[in-house]
Amino acid sequence: MRKMTTGAGSGKRHSEALGVDVAAAIAGYTPRQIPPARWAEIRELVQQAVTAVRPPSPATAYTYLRVAARYADWCASQGIDVAAERMFTEANVEWFIATAAPTFLAKSSLPSYRSALRRIGRAATRRALWEPIPRELRLKKHGAMPPYSPTDMARFLAAAPLQPSPERRRACSALLALAYGAGLSSAELIACRAVDVESRGGGYVVVVRGNNAREVPALAKVDSLLQWLVDQFPEGPLLTDRNPKARSTFSGVVGRVELPPGAPPLDLRRLRTTWLAEILASDLRVSEVLKLSGLRNSQKFAELAPYVTMRDFETVHRLVRSAGRHA
């Protein structure tokens, strides 16, 4: 076996700066889509590379582990030496994004995957040269993340009832039903209980309480998930019974969800953005979307415009001509 090295120093030195839960997540990670023999070859490098990034939570660690493992597997298949300085180069990352990544990622997911690989590469290498991230590839800290593709969402929804443990099924179902199905934020999702999910008009309405109180009709695609959650957990929070005030509650629970091979990382902000893009594509008015989403302004609408398909001119013409008749 080839010697595995990183340019970021020993894994032990970096692991000392990590929380116990993050270090345990990295040490215990095993990808389902990579054969055991290959994983044995690249495991140490992947773990050291992700440790060098110093992820702040288990959920973030799992995201980087999935990306790094997939990339390292591809590099090994291309005959690239299993060493950080040779694998994590800008040229190799761009080669991977251009040729391999599109076979299992939607086009909208490529920028976030590239960004993750660049961050890992910068942390795990000392000699490899990395140019500044191009402006068009940077993700705004508070900007809208690109929505998931319909194929991604179908895979996520199918994975919920197949989780290997009751806790993971609960977490996956609640995340999809409330973030994607009703556009809830993480704080709203953690607080949501069965009593907040009401059956109305052949579907479900999620009642959000607190300073941003509102009622949100859930997407029909999550009806079965909401029904299961309400039936199984009528008393406590739908996401988990863990202490909702603990800082690691959300990341610790959601980070353990198992995804189908080749699926992009599961991110609450992207689920919420996907929900927003879908309701923007309906005939709802701006005032209605603002109320349902809890947003204070329509800035995110402009950021999502490229992901909301325009209708044909004849349809737009008809809608404009009828404007004002039913105001």
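Residues numbered from 1 in each chain as written. Predicted model: local features only at pLDDT ≥ 70, side-chain atom pairs only at ≥ 80, totals over all residues. Heavy atoms only, no water.

Enquirer: In this structure, what is going on with the overall build of the chain? I would like to understand it.
Expert: A tally of helices and strands in the chain yields 16 helices and 3 strands. Within the span of the chain, comprising 327 residues, buried residues form 51% of the whole. The long-range fraction of contacts in the chain, counting pairs at least 24 apart against all pairs at least 6 apart in sequence, stands at 69%. When the accessible area of the chain is evaluated, it comes to approximately 16,900 Å², of which 53% is carbon and sulfur surface. (Helix = DSSP H or I, 4+ residues; strand = E, 2+ residues; numbered from the N terminus. Buried < 20%, exposed > 50% of the residue type's maximum accessible area, 1.4 Å probe, protein only. Contact = heavy atoms within 4.5 Å. Areas by Shrake-Rupley, 256 points an atom, 1.4 Å probe, with all protein chains shown as cover.)

Enquirer: Can you walk me through the environment of A61 in this structure?
Expert: On the secondary structure map, A61 appears in helix α4 (residues 58-77). On the basis of relative accessibility, which here comes to 0%, the residue A61 falls in the buried class. For the pair A61 and V22, spaced 39 residues apart in sequence, the C-alpha separation works out to 6.6 Å. Excluding anything up to four places from it in sequence, A61 contacts V22, I26, V50 and P55.

Enquirer: Could you clarify how one ought to interpret the packing of aromatic side chains in this entry?
Expert: For any pair of aromatic rings, geometry is given as the distance between the ring centres together with the angle between the planes. Considering all chains together, one arrives at 12 aromatic pairs under this definition. Where F104 meets Y113, the ring centres are 5.8 Å apart and the plane angle is 75 degrees; that geometry is what we call edge-to-face. Aromatic side chains Y148 and F156 sit 5.0 Å apart centroid to centroid with 85 degrees between the ring planes, which places their arrangement in the edge-to-face category. Owing to a relative accessible area of 5%, Y148 belongs among the buried residues under this scheme. Put simply, the rings of Y71, W74, F88, W95, F96, F104 and Y113 touch in pairs and so form one group of aromatic residues. Sitting over the face of the ring of F104, R70 holds its NZ or CZ atom 3.8 Å from the ring centroid. A cation over a ring is seen here: R170 above F233, with NZ or CZ 3.9 Å from the ring centre. (Phe/Tyr/Trp six-rings, centres within 6.5 Å; stacked < 30°, edge-to-face > 60°. Lys NZ or Arg CZ within 6 Å of the ring centre and 35° of its normal.)

Enquirer: I would appreciate a short explanation of the sheet that holds strand β1 (residues 197-200) in the present structure.
Expert: Hydrogen bonding along the main chain pairs the strands of a sheet, whether they run parallel or antiparallel. The sheet built from 3 strands is open, its strands ordered β1-β2-β3 with antiparallel pairing. Whereas interior strands pair on both sides, the edge strands pair on one side only; in this sheet they are β1 and β3 (214-217). The mean angle between the axes of side-by-side strands here comes to 30 degrees, regardless of whether they run parallel or antiparallel. As judged from the 4 bridges shared by strand β2 (residues 203-208) and β3, these two strands associate in the antiparallel manner. Bridging across to β3, V208 finds its partner in R214. Together, β1 and β2 form the strand contacts of helix α11 (residues 223-232), whose direction differs from that of β2 by roughly 65 degrees. (Pairing = 2+ DSSP bridges. Axes fitted to C-alpha atoms, helices over the stretch in contact; angles between N-to-C directions.)

Enquirer: Hey, could you run me through the pairing of β2 in this one?
Expert: Across the 6 residues that make up β2, a large majority, 6, are buried. Between β2 and β3, which follow one another and run antiparallel, lie 5 residues, and G210 among them has a positive phi close to 105 degrees.

Enquirer: Help me understand helix α7 (residues 110-124) in this model?
Expert: In an α-helix there are 3.6 residues to a turn, and that puts residues three or four apart on one side. With 15 residues, α7 extends 21 Å from end C-alpha to end C-alpha; this agrees with the ideal 21 Å at 1.5 Å per step. Counted residue by residue, α7 has 11 buried out of 15 residues, so it is predominantly covered. Listed as buried for α7 are L110, S112, Y113, R114, S115, A116, L117, R118, I120, G121 and A124. Residues of α7 that are buried make contact with α3 (36-53), α4, α5 (84-87), α6 (90-99) and α13 (268-280). (Expected span 1.5 Å × (residues − 1).)

Enquirer: Explain the packing of helix α8 (residues 150-159) against helix α9 (residues 166-180) to me, please; I cannot follow it from the model alone.
Expert: Two packed helices can be described by the angle between their axes and the distance between those axes. In contact at an axis separation of 9 Å, α8 and α9 are set at 140 degrees when each is read in the N-to-C sense. Considering their axes alone, α8 and α9 lie oblique with respect to each other. Contacts between α8 and α9 involve M153, F156 and L157 from the first element and C172, L176 and Y180 from the second. Tallied by class, residues from the contact of α8 with α9 come to 6 nonpolar, no polar and no charged. (Parallel < 35°, antiparallel > 145°, perpendicular 65-115°, else oblique. Nonpolar A, V, L, I, M, F, W, Y, C, P; charged D, E, K, R; others polar.)

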